[in-house]
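Breakdown of the fold
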Amino acid sequence: MNGYRFKMLWIGDGPDSNFYKEEIRKNKLQENIELLGRKQNPYPYFKIADSLILTSEYEGFPVVYLEAMLLELPIITTDVSDSLKVVKDKYGIVTKKDINSIYIAMKQAIEQGVFIKEKFNYKEYNKEIEQKLEKLINL
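Residues numbered from 1 in each chain as written. Predicted model: local features only at pLDDT ≥ 70, side-chain atom pairs only at ≥ 80, totals over all residues. Heavy atoms only, no water.

1. Quick word on the layout of surface pockets
Defined as follows: Every definition here rests on a 1 Å grid over the protein atoms only: cavities are sets of points where a 1.4 Å probe fits but cannot get out, pockets are open sets enclosed by protein on both sides within 12 Å along at least five of seven lines, and lining residues have some atom within 4 Å of a point. Grid points are joined across faces, edges and corners, and a volume is the space filled by probe spheres set on the points. Helix and strand definitions follow DSSP, with helices as H or I runs of at least four residues and strands as E runs of at least two, each counted in order from the N terminus. Note on residue categories: nonpolar means Ala, Val, Leu, Ile, Met, Phe, Trp, Tyr, Cys or Pro, charged means Asp, Glu, Lys or Arg, and polar means any other residue, Gly included.
There is about 380 Å³ of room inside the second largest pocket. Taken together, 16 residues form the lining of the second largest pocket, with Lys-85, Val-86, Lys-90, Tyr-125 and Glu-128 sitting closest to its centre. Among the secondary structure elements, those contributing two or more residues to the lining of the second largest pocket are α4 (83-86) and α6 (122-137). At five residues, α6 tops the list of elements feeding residues into the lining of the second largest pocket. Residues that form the lining of the second largest pocket fall into these classes: seven nonpolar, one polar and eight charged.

Below, the structure is given as structure tokens:
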């Protein structure tokens, strides 16, 4: 990535895994990107990470947001379900779903860092969810 030093660990797999392996090889990024496959326990990787990167086109609410927020890991994410409400200006960077925007966000993270501006209050979050559920159930 234009002379920047970085290391990405990709956790998970799917139907495009072989495509990604080939792209990494073609672009000579083997030193920078490591495909780890599925992991029973991803938390040791959270512990060594500088940030969580989610580049999905579509997602329901990403539970990985909550995991990262609990572990105080800044987030770089594309604009998927609730990202603007949950992540933006509090827990990281929200970017558009195109390669150039993701590149700019990653470059910003390398050059300036990604910072959490608000401590996640899981008790308050759980209380809000509980109230919403009670409201739905008691309609």
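Picking up after the structure, the text goes on.
2. A few points about the side chain of Thr-78
What counts is decided by this rule: With a 1.4 Å probe rolled over the protein chains alone, any residue whose accessible area is under 20% of its type maximum counts as buried; one over 50% counts as exposed, and the rest are partly exposed. The definition of a polar contact used here is a pair of N or O atoms within 3.5 Å, where within protein one atom must be able to donate a hydrogen and the other to accept one, and adjacent residues in sequence count solely through side-chain atom pairs. In what follows, a contact means two residues having at least one pair of non-hydrogen atoms within 4.5 Å.
Residue position: Thr-78 is located in strand β4 (residues 75-78). Here Thr-78 falls in the buried class, since its relative accessible area comes to 0%. Here the side chain of Thr-78 touches Ser-56 through a polar contact of 2.6 Å, landing on its backbone oxygen. Those residues in contact with Thr-78, other than ones at most four positions away along the chain, are Leu-54, Thr-55, Ser-56, Tyr-65, Ser-83, Val-94, Thr-95, Lys-96, Lys-97 and Ile-102.

3. So, the nonpolar core
So the rule is basically this: The criterion is simple. A nonpolar core is a set of buried Ala, Val, Leu, Ile, Met, Phe, Trp, Tyr and Cys residues joined through side-chain atoms within 4.5 Å.
Counting 14 residues, the largest nonpolar core has Leu-52, Tyr-65, Ala-68, Met-69 and Ile-75 as the members making the most contacts within it. Only β3 (52-54) and α3 (63-70) provide two or more residues apiece to this core. Among the elements that take part in this core, α3 stands out by supplying four residues, more than any other. If we skip the residues at most four places from it in the chain, Leu-52 touches Phe-46, Val-64, Ala-68, Leu-73, Pro-74, Ile-75 and Ile-76. Counting residues in each nonpolar core, the second largest holds seven residues, with Phe-6, Leu-29, Ile-33 and Ile-102 among its members.

Just geometry here; none of it tells us what the structure is for.
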